[in-house]
Amino acid sequence: MFKFGKWFGCLVLTWAFTISVGQARAQGIPVNFTNNQAKPIQLNFTLLNHAAGPITWGAGCEQASTAAFSSYATIKPGTTCSATVDPSAGSSRFCATFGGAPVDCMNGQNLHLTLIETNFEASTNPGCFGKGACVWYDISVIPSNCTDPLWKANRCRGTGGASYNLPVTLACQGNPEMPVYICKGPPGTKYGSEKYPSNCGNPDAKCATGSPGCRQGVSAYFYPMFDPPENTYQPNAVCLNGTFTATFPPGS
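Residues numbered from 1 in each chain as written. Predicted model: local features only at pLDDT ≥ 70, side-chain atom pairs only at ≥ 80, totals over all residues. Heavy atoms only, no water.

Engineer: Any details on the side chain of serine 71? Residues and values, ideally.
Structural biologist: Mapped onto the elements of the fold, serine 71 is located in strand E7 (residues 70–75). Looking at serine 71, its side chain comes within polar contact range of the main-chain oxygen of glycine 53, at 2.6 Å. Those residues within four positions of serine 71 in sequence are excluded, and the remaining contacts are Leu43, Asn44, Phe45, Ala52, Gly53, Ile55, Trp57, Ser65 and Thr66. (Helix = DSSP H or I, 4+ residues; strand = E, 2+ residues; numbered from the N terminus. Polar contact = N/O pair within 3.5 Å; in protein donor to acceptor, adjacent residues only side chain to side chain. Contact = heavy atoms within 4.5 Å.)

Engineer: An account of the packing of aromatic side chains is requested, with residue identities and associated values reported.
Structural biologist: By the definition in use, this model includes eleven aromatic pairs. Seen in terms of ring centroids, phenylalanine 33 and phenylalanine 94 are 5.6 Å apart; in terms of plane orientation they differ by 55°. Their pairing is tilted. Here phenylalanine 94 lies in strand E9 (residues 90–97) and phenylalanine 33 lies in strand E3 (residues 29–34), a separation of 61 residues in the sequence. Take phenylalanine 33 and phenylalanine 94: they sit in the same class, and that class is buried. On the numbers, 6.1 Å between centres and 70° between planes, the contact of tryptophan 151 with phenylalanine 222 is edge-to-face. Of this pair, tryptophan 151 sits in helix H2 (residues 148–154) while phenylalanine 222 sits in the loop between strand E14 (196–199) and strand E15 (237–239), placing them 71 residues apart in sequence. (Phe/Tyr/Trp six-rings, centres within 6.5 Å; stacked < 30°, edge-to-face > 60°. Buried < 20%, exposed > 50% of the residue type's maximum accessible area, 1.4 Å probe, protein only.)

Engineer: Describe the environment of threonine 245, and please don't skip the residues or the numbers.
Structural biologist: With respect to the element layout, threonine 245 can be found in strand E16 (residues 243–247). The class of threonine 245 is buried, set by a relative accessible area of 9%. Considered as a pair, threonine 245 and valine 31 are 214 residues apart in the sequence and their alpha carbons are 8.5 Å apart.

Engineer: Please set out the sheet that holds strand E13 (residues 181–188) residue by residue, giving values where relevant.
Structural biologist: Pairing in this open sheet of four strands is antiparallel, and the strands run E14-E13-E12-E16 from one edge to the other. Looking at which strands have only one partner, the edges of the open sheet turn out to be E14 and E16. Taken over all neighbouring pairs, the strand axes of this sheet differ in orientation by 30° on average, direction set aside. Bridge count for strand E12 (residues 168–173) against E16 is five bridges, and the pairing is antiparallel. Counterpart to glutamine 173 in the pairing with E16 is threonine 243. (Pairing = 2+ DSSP bridges. Axes fitted to C-alpha atoms, helices over the stretch in contact; angles between N-to-C directions.)

Engineer: Talk me through the pattern of salt bridges; I want residue IDs and the actual numbers.
Structural biologist: Scanning all chains against the criterion turns up four salt bridges. The closest approach of N and O atoms between lysine 152 and glutamate 230, which form a salt bridge, is 3.7 Å. With lysine 152 in helix H2 and glutamate 230 in the loop between E14 and E15, this pair connects stretches of sequence that are 78 residues apart. (Salt bridge = Lys/Arg side-chain N within 4 Å of Asp/Glu carboxyl O.)

Engineer: An account of the sheet that holds strand E5 (residues 55–57) is requested, with residue identities and associated values reported.
Structural biologist: Taken in spatial order, the three strands make up an open sheet running E3-E8-E5, and their pairing is antiparallel. Strand pairing shows two members of the sheet lacking a second neighbour, E3 and E5, which therefore form its edges. Within this sheet the neighbouring strands show an average axis-to-axis angle of 30°, counted without direction.

Structure, rendered in structure tokens:
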């Protein structure tokens, strides 16, 4: 939801496919994408303003190109695509499909796509806590017209259907203090009529996954979580001193 909070150590202060982000280099933040689905994946990267994200595709990133609203590349099953992202990307989204025309990830809710929401920051930004360039991350499956009051009233019934098409896991490899967010299907009615993924944390929990003492916490945005008290345990975190990884495992 691009409401990035503050994780530092284990304290909360406020998407198989793999993205790996290491320390910043002059040319950008290294990222790796590994597709463990059974079919090729087209990875799309879009900025908050609907422009193509500033990413340099490298080895393993096939048919890489840029459209007005998306930078995109194809990743074969079981292969890794290495790239770098300019920290100026800021608030952005990755989303994946099984091919076709490039996708504007900022329109992902209407397209029912699992959204990996990222915020790339330079090492000089306070959000990186002096630990080098960093990436804030979360998973969003929010229906297009869902609001906090509608979630509380009827779990956003009739608001457009969950923004979900593929399972995903996010983590900060090498830094066990950062949370692991797992969101898997199958889609169903466990959390209402909008076909939310059924194994995606507990949206009714009162704590975010990975926060101290939290078990079976909130792992993804099912609704905006703008209102209190939900805004105090939003499932977003920052990857510091580690490698940001996002995995699309096999399955639905």
